[in-house]
Amino acid sequence: MLYTIWATDVADSHAQRAGARDAHLARLERLQQEGRLVLAGPHPAVDANDPGDAGFDGSLIVAEFESLAAAQAWADADPYVAAGVYANIEIRPFRRVLPR
């Protein structure tokens, strides 16, 4: 089943994000190689593709996991969690309708 992982950053997370980014992306790339990743990316802190110094204030991941518990365990092991980037993570089941 698909799950959304919606994470909200702590304030001023830019340095923590930068330090853990490569490891964070490597995990996402493994999901992609396994055919389980639908989409992933950060939320710019301002209304712009390149937020500049404003940085990012969260992330969204949509991916396939065996269960809600498996999605939670995967999210809890994210390098951004270990680096203190995320203040909160919400995981919910997701049913894809479009695109088909």
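The structure under discussion appears in the preceding block.
Residues numbered from 1 in each chain as written. Predicted model: local features only at pLDDT ≥ 70, side-chain atom pairs only at ≥ 80, totals over all residues. Heavy atoms only, no water.

Draft legend 1. A look at the layout of surface pockets. Empty space within the largest pocket amounts to approximately 290 Å³. Surrounding the largest pocket, 17 residues form its lining, Arg 17, Arg 21, Leu 25, Pro 42 and Tyr 80 being those nearest its centre. Going through the elements one at a time, α1 (14-33), β2 (37-44) and β3 (56-64) are the ones with two or more residues in the lining of the largest pocket. When residues of the lining of the largest pocket are assigned to their parent elements, the largest contribution, seven residues, is made by α1. In the lining of the largest pocket, the residues fall into 10 nonpolar, five polar and two charged. Taken as a whole, the second largest pocket encloses approximately 160 Å³ of empty space. Forming the walls of the second largest pocket are Val 10, Ala 11, Asp 12, Ser 13, His 14, Ala 45, Gly 52, Asp 53, Ala 54, Gly 55, Phe 56 and Asp 57. Here the residues of the lining of the second largest pocket sort into five nonpolar, four polar and three charged. (1 Å grid on protein atoms, 1.4 Å probe; cavity = no way out; pocket = protein on both sides within 12 Å on 5 of 7 lines; lining within 4 Å. Points joined across faces, edges and corners; volume = space filled by probe spheres on them. Helix = DSSP H or I, 4+ residues; strand = E, 2+ residues; numbered from the N terminus. Nonpolar A, V, L, I, M, F, W, Y, C, P; charged D, E, K, R; others polar.)

Draft legend 2. Representation of empty space enclosed by the protein. Evaluated as defined, the whole model comprises one cavity of 30 Å³ or more. Empty space within the largest cavity amounts to approximately 30 Å³. Residue lining of the largest cavity: Ile 5, Ala 7, Ile 61, Trp 74, Ala 75, Asp 78, Tyr 86 and Ile 89, and that is the complete set. Those elements giving two or more residues to the lining of the largest cavity turn out to be β1 (2-9), α2 (68-76) and β4 (86-94). Taken together, the residues of the lining of the largest cavity break down into seven nonpolar, no polar and one charged.

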